[in-house]
Amino acid sequence: MKIIDFRSDTVTKPTEKMRLAMLHAEVGDDVYQDDPTVKELESLAASVTGFEDALFVVSGTMGNQLAIMTHTNRGDEIIVGKEHHIINHEVGAMAVLSSVNVRVINQTVLDCDSVVSSIRSDNIHYPKTSLLCLENALSNGQVIDQLSFRKLIDCAHHHNLLVHVDGARIFNAALALNTSVDQLVHGADSMMLCLSKGLGAPIGSMLVGNKDFIKRARKYRKMLGGGWRQAGIIASCGIIAIEEMVSRLHEDHTNAKALASYLSDKNITVFNNQLDINMVYFSFNMNIDHSDFIVKAKEDGFILNPPSNNVYRLMTHLNVSNEDVASLSKFILKYAEDNHNL
Ligand SMILES: *Cc1c(COP(=O)(O)O)cnc(C)c1O
């Protein structure tokens, strides 16, 4: 039976071309900065995003945390939005690695006024606010438009904060906004982007920023044990991810929108305001047995994550076709129909 995994775009497998690239990659010791393939990936990532320099890191979490370590001093306060990955899904790393305090703004999409009112004044009792962390696309499936995003960056700079962008899915965001990545993040002090999600690389993320920032982040990466050797083996996939996989992301967005429309039904609520990228959020308009639903889905070949507050997230990606979203939606609608009287 064909198994289709809708849990995340992190489940994507490297393409044939990536596997061949790994086989033939030119490599060296990257701690000596001798790996030509890593260097090529880093300069490609820097130029595509409009930053001076880049650092290849093992994960998005490592990239975000290195940014916080590099931008802040111990005891500083950083500002993040309530649903951001940095505060919710990185194991509280900033407390351990950077010893910073976190001010969480109770908004999904931040605005300048709330950022400004969260900045500490100069008072002996207060920590120093030094960094604003933004996210685009948001992990709830929405994107922040270019003008609002630019305003947030300017607003933070105007108040002497640095700005780090968690751009795990920045190429999806740029596509949804019909702009380029460098335009979208223009002015930010650093950004992390993931190669191993919708872009299909098996491992890795990029941290980008100016030369001095990357130099300091490289040292922290070494401190965390992230200095690697012949990393060109996997950097070769990152190059393909950026050069060749960005141009197919629109298929994932189209499939997500198709899935959302197939699911439009009296028994289902689709969260159409969170449909900007390759994520579809939905819930059943009835009580169902969630574990039964997930088991039955698996029996039919669909791997799904459990819901969060009764809301499911489905993700489209490289290894999900239009037929796959059609067959999943058929299964979901039938499950709802069969269970709505229970
Ligand atoms: C996936 C993700 C990360 C972290 O990436 P990992 O490689 O899983 O550590 C950070 N931020 C956002 C918004 C993400 O979706």
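Residues numbered from 1 in each chain as written. Predicted model: local features only at pLDDT ≥ 70, side-chain atom pairs only at ≥ 80, totals over all residues. Heavy atoms only, no water.

In this section: the site of the ligand. In the vicinity of the ligand there are 13 residues, among which Gly-60, Thr-61, Asp-166, Arg-169 and Lys-197 approach most closely. A distance of 3.0 Å separates an oxygen atom of the ligand from a polar atom in the side chain of Arg-169. Coverage of the ligand by the protein amounts to 83% of the 380 Å² it exposes when considered alone. Within the residue set of the shell around the ligand, elements represented by two or more residues are α3 (60-71) and β7 (190-194). Element by element, the count of residues in the shell around the ligand is highest for α3, at three residues. For the shell around the ligand, the residue count by class is three nonpolar, five polar and five charged. (Near = heavy atom within 4 Å. Polar contact = N/O pair within 3.5 Å; in protein donor to acceptor, adjacent residues only side chain to side chain. Areas by Shrake-Rupley, 256 points an atom, 1.4 Å probe, with all protein chains shown as cover. Helix = DSSP H or I, 4+ residues; strand = E, 2+ residues; numbered from the N terminus. Nonpolar A, V, L, I, M, F, W, Y, C, P; charged D, E, K, R; others polar.)

Looking at where Pro-307 falls in the secondary structure, it is placed in the loop between β11 (302-303) and β12 (312-315). Separated by 160 residues in sequence, Pro-307 and Leu-147 have C-alpha atoms that sit 33 Å apart. If we ignore the near neighbours within four places in the chain, the residues touching Pro-307 are His-290, Ile-294 and Tyr-312. (Contact = heavy atoms within 4.5 Å.)

Looking now at the sheet that holds strand β9 (residues 268-270). The antiparallel open sheet is built from three strands, whose spatial order is β9-β10-β12. Looking along the sheet, the strands with just one partner apiece sit at the ends: β9 and β12. Here the average twist between neighbouring strands, direction ignored, is 30°. Across the sheet, helix α12 (residues 249-263) touches β9, β10 (279-284) and β12, and the angle it forms with β10 is around 15°. Sitting on the sheet, helix α14 (residues 322-339) is in contact with β9, β10 and β12, with an inclination near 15° to β10. (Pairing = 2+ DSSP bridges. Axes fitted to C-alpha atoms, helices over the stretch in contact; angles between N-to-C directions.)

Right, let's get into the packing of helix α13 (residues 290-299) against α14. Relative orientation of the contacting elements α13 and α14 amounts to 140°, with a least axis distance of 11 Å. Between α13 and α14, the interaxial angle falls into the category oblique. Between α13 and α14 lies a crossing whose hand is right-handed. For the pair formed by α13 and α14, the contact residues are Asp-292, Phe-293, Lys-296 and Ala-297 on the first element and Phe-331, Ile-332 and Tyr-335 on the second. Here the contact of α13 with α14 is composed, by residue class, of five nonpolar, no polar and two charged. (Parallel < 35°, antiparallel > 145°, perpendicular 65-115°, else oblique. Left-handed = near helix turned anticlockwise from the far one by under 90°.)

What follows concerns the state of the cysteines. Counted by the stated rule, this structure contains one disulfide. In this model Cys-112 forms its disulfide with Cys-155; the gap between the sulfur atoms is 2.1 Å. Taking the sign of the torsion about the S-S bond as the criterion, the disulfide between Cys-112 and Cys-155, at about 80°, is right-handed. Of the two residues, Cys-112 sits in helix α6 (residues 112-118) while Cys-155 sits in helix α7 (residues 146-158), which places them 43 residues apart along the sequence. Using a relative accessible area of 29% as the deciding quantity, one classes Cys-112 as partly exposed. For Cys-155, a relative accessible area of 6% corresponds to the buried category. Here Cys-133 stays unpaired: no disulfide links it, and the sulfur of Cys-155, its closest cysteine neighbor, is 14 Å away. Classification of Cys-133 as buried rests on a relative accessible area of 0%. Of all cysteine sulfurs, the one in Cys-133 lies closest to Cys-194, which takes part in no disulfide; the gap is 15 Å. (Disulfide = S-S within 2.5 Å. Buried < 20%, exposed > 50% of the residue type's maximum accessible area, 1.4 Å probe, protein only.)

Our focus in this paragraph is the side chain of Ser-118. Secondary-structure assignment places Ser-118 in helix α6. By relative accessible area, which is 8% here, Ser-118 ends up buried. Only 2.6 Å separates the side chain of Ser-118 from the backbone oxygen of Ser-114, close enough to count as a polar contact. Setting aside residues up to four positions removed in sequence, Ser-118 forms contacts with Glu-77, Ile-79, Arg-103, Ile-105 and Thr-129.

Turning our eyes to something else, we now look at α7. Across its 13 residues, α7 extends 18 Å between first and last C-alpha, which sits within 8% of the 18 Å expected from 1.5 Å per residue. Those residues of α7 hidden inside the fold are in contact with α6, β5 (129-135), β6 (162-166) and α9 (181-184). With a side-chain oxygen positioned 3.1 Å from the backbone nitrogen of Leu-147, the residue opening α7 is Asp-145. Positive backbone phi, at 65°, marks Asn-160, one or two positions downstream of α7. (Expected span 1.5 Å × (residues − 1).)

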